[in-house]
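# Reading the structure
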Amino acid sequence: MSSGTNKKRHELQRPIAIYYEHPDWFRPLFERLDESGIAWKKIDAGNHQYDAESAEEEFSLLFNRMSPSAWQRGLGHCIFYTLNYLAHLEAQGVRVVNGYRGFAHEISKAQQLTNLEKLGLPYPKARVINHVSQALNAAEAIGYPVVIKPNIGGSGAGIEKFLSADELRRAVEENRLYFGIDSTALVQEAFTPRDGVITRIEVLGGKYLYGIKIHTTGESFNLCPADICQSTKGEELTRIACPADAPRTGMTVEGYKPPAQVIDDAERIMALAGVEVGGIEYVTDDRTGRQLYYDVNALSNFVADPVRVIGFDPYARLSEFLIEEAIRHEATRQEAGHEEKRIVSGARR
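Residues numbered from 1 in each chain as written. Predicted model: local features only at pLDDT ≥ 70, side-chain atom pairs only at ≥ 80, totals over all residues. Heavy atoms only, no water.

## Some thoughts on the packing of helix α5 (residues 135–142) against helix α6 (residues 165–173)
The interhelical angle for the contact between α5 and α6, taken along N-to-C directions, is 160°, at an axis separation of 10 Å. Comparing their axes, α6 and α5 come out roughly antiparallel. Here α5 runs over α6; the crossing is right-handed. Taken together, the residues of α6 that come into contact with α5 (itself represented by Ala135, Leu136 and Ala139) are Ala165, Leu168, Arg169 and Val172. A breakdown of the residues in the contact of α5 with α6 according to their chemical character gives six nonpolar, no polar and one charged. (Axes fitted to C-alpha atoms, helices over the stretch in contact; angles between N-to-C directions. Helix = DSSP H or I, 4+ residues; strand = E, 2+ residues; numbered from the N terminus. Parallel < 35°, antiparallel > 145°, perpendicular 65-115°, else oblique. Left-handed = near helix turned anticlockwise from the far one by under 90°. Contact = heavy atoms within 4.5 Å. Nonpolar A, V, L, I, M, F, W, Y, C, P; charged D, E, K, R; others polar.)

This is the structure in structure tokens:
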């Protein structure tokens, strides 16, 4: 548990918990929490257990940072376990940021499409399938080019693009399509970002935090903003949330304020999904001119060198949000406890 001198530290009876599995992505947040002086602790999702009988609130708040791409790091067993753990915490009354509903949305691209459809927002045409034999039929209904992506992906994992039926037929015959750990995949219309630009919006507390434009190279489906090491001005960016040996992506980034309607759309998407901290990506498809929402992330890594790119430190704001939520939740629980005692005491008289 961290220690510090900040006066806020004594305001929490129980620590804030950060539940995570990636060893590098959350260092900036850990540093801000240390600086705050608040009581907090790390929980390693890769090796964890809980007591189903426990009725005690161990934490004032838990921030869920579990990643759907954990299966790439030998930690796929944590993904469905996390759903059970989050449900357990919420049943106890623990304040969970990016809780059960948000994480269930994070690990289901199919559910993301259902939500976009419910909200009446545009997205790439898609079919959800559960067997490779369905891939060709689904692609024919959509029209080439298509991408096939695992329902549980993360960091662009497992996504393949097919320009023709012959290409996809060979992949089916060679049995090399990967549907991921839940054996579900999306066959989806492949778009071409106009001018190679993808726009990403980040939200905090479900509200707009900032936007960025990512200028892509078209060589990767992994668009993690924390990996991008150069601005559109040619400035070298310091990657503070990535492994030291992470490859350079070749992509560039710039701060951007999206239109008010797009910000409203993003906040509606996150509200329906139950995601409090996360990112949404959209493009203008160069072929059709349509604006398409295509990815919702509950595990958001903020842009590299954020002060230079967007003008402020989002990790500091995230830390403040978590502390304020923890203090608010503890106060609410204490008031509820006092009221319950008052009612019981009055009934005994």
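Following the structure, the description resumes.
## Comments concerning the sheet that holds strand β7 (residues 160–162)
The sheet built from four strands is open, its strands ordered β5-β8-β6-β7 with antiparallel pairing. Edge positions in the open sheet fall to β5 (126–129) and β7, since each of these has one partner strand only. If you compare each strand with its neighbour and ignore which way they point, the axes differ by 20° on average. Of the strand pairs in this sheet, strand β6 (residues 146–150) and β7 are connected by three bridges, and their pairing is antiparallel. Residue pairing in the sheet places Val146 in a bridge with Phe162 of β7. Packing against the sheet, helix α4 (residues 109–119) makes contact with β5, β6 and β8 (185–189), and its axis sits at approximately 50° to β8. (Pairing = 2+ DSSP bridges.)

## Digging into the confidence of the model for the protein chain
Looking at the protein chain as a whole, its pLDDT mean stands at 85, while 81% of the residues score no less than 70. Long-range and interchain partners of residues 229–235, a stretch whose pLDDT sits below 50, account for 20 contacts in this model, where long-range means more than four residues apart. (pLDDT = per-residue confidence, 0-100.)

## Observations regarding the nonpolar core
Ranked by internal contacts, the top residues of the largest apolar core, which has 34 residues, are Ile16, Ile18, Phe63 and Leu322. Mapped onto this core, the elements with two or more residues apiece are β1 (16–20), α1 (27–36), β3 (61–65), β10 (207–215), α8 (306–310) and α9 (314–348). The element contributing the most residues to this core is α9, with six residues. Apart from residues lying up to four places away in sequence, Leu322 is in contact with Ile16, Ile18, Leu29, Leu61, Phe63 and Val97. Core analysis: the second largest hydrophobic core is formed by 22 residues, Tyr19, Leu75, Ala104 and Ile107 among them. (Core = buried A, V, L, I, M, F, W, Y, C linked by side-chain atoms within 4.5 Å. Buried < 20%, exposed > 50% of the residue type's maximum accessible area, 1.4 Å probe, protein only.)

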